[in-house]
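Take a look at the letters that make up each chain.
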Amino acid sequence: MNPRVVTFHYKLTDKEGNEIDSSQGSHPLSYLEGTGQIIAGLEDEIKSMLAGDKKVISVSADLAYGQKNPELVFDVPKSQFPEGEELSVGMMFQTDEPDTVYTITDIKGESVIVDGNHPLAGVDLIFDVQIVNIRTATDEEVSHGHVHGEGGHHHH
């Protein structure tokens, strides 16, 4: 039996109620169960839900983007950046290291402090979720590893 395609609207906040992201006013999010397309702590809770269900789901940092790793925060000399590039706090960049995005967190003279942690590492997350639709994935979606059509990937 193929896994499910789950389509849902969400509002994501931190424990203090600050909104981080939302699908409201946009298309709902669709994902293929069991493929790691959404964080594990959220997917585990959604598995027991049905179309039309609403639920507030708390996901600890450990089950979301993990705890902050202090080894991923370090100084880089300004000279390591392209000459003439305007650097600013909050700027993000990727190096030759795959799957790691760095954020500039501080600039002190000739030293640039960068952080390779996910921006939500160390943050407990609260998802307000409403399931819009659940269906069985097609064989093509399973073989491609992602959702096709509305709310998912479109092939051209």
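Residues numbered from 1 in each chain as written. Predicted model: local features only at pLDDT ≥ 70, side-chain atom pairs only at ≥ 80, totals over all residues. Heavy atoms only, no water.

The subject of this paragraph is the sheet that holds strand 5 (residues 73-77). Within the open sheet, the four strands sit side by side as 5-8-7-6. Their pairing is antiparallel. Pairing within the sheet leaves two strands with one partner each, and these edge strands are strand 5 and strand 6 (92-94). On average, each strand axis in the sheet is tilted by 40 degrees relative to the strand beside it, whichever way the strands run. Summarising the sheet, strand 6 and strand 7 (residues 101-108) pair through three bridges and their orientation is antiparallel. Counterpart to Phe 93 in the pairing with strand 7 is Tyr 102. (Pairing = 2+ DSSP bridges. Helix = DSSP H or I, 4+ residues; strand = E, 2+ residues; numbered from the N terminus. Axes fitted to C-alpha atoms, helices over the stretch in contact; angles between N-to-C directions.)

In total, this model carries five aromatic pairs according to the counting rule given. For the ring pair Phe 81 and Phe 93, a centre distance of 5.4 Å and an interplane angle of 80 degrees mean the geometry is edge-to-face. Note that Phe 81 is positioned in the loop between strand 5 and strand 6 and Phe 93 in strand 6, a separation of 12 residues in sequence. Take Phe 81: its relative accessible area is 12%, and that puts it in the buried class. On the basis of an interplanar angle of 25 degrees and a centroid distance of 5.7 Å, the ring pair of Phe 93 and Tyr 102 is categorised as stacked. Judged by its relative accessible area of 22%, Phe 93 is partly exposed. A relative accessible area of 6% places Tyr 102 in the buried class. Following the ring pairs from residue to residue traces out a cluster consisting of Phe 74, Phe 81, Phe 93 and Tyr 102. (Phe/Tyr/Trp six-rings, centres within 6.5 Å; stacked < 30°, edge-to-face > 60°. Buried < 20%, exposed > 50% of the residue type's maximum accessible area, 1.4 Å probe, protein only.)

Read these as layout, nothing more, since geometry by itself doesn't imply function.
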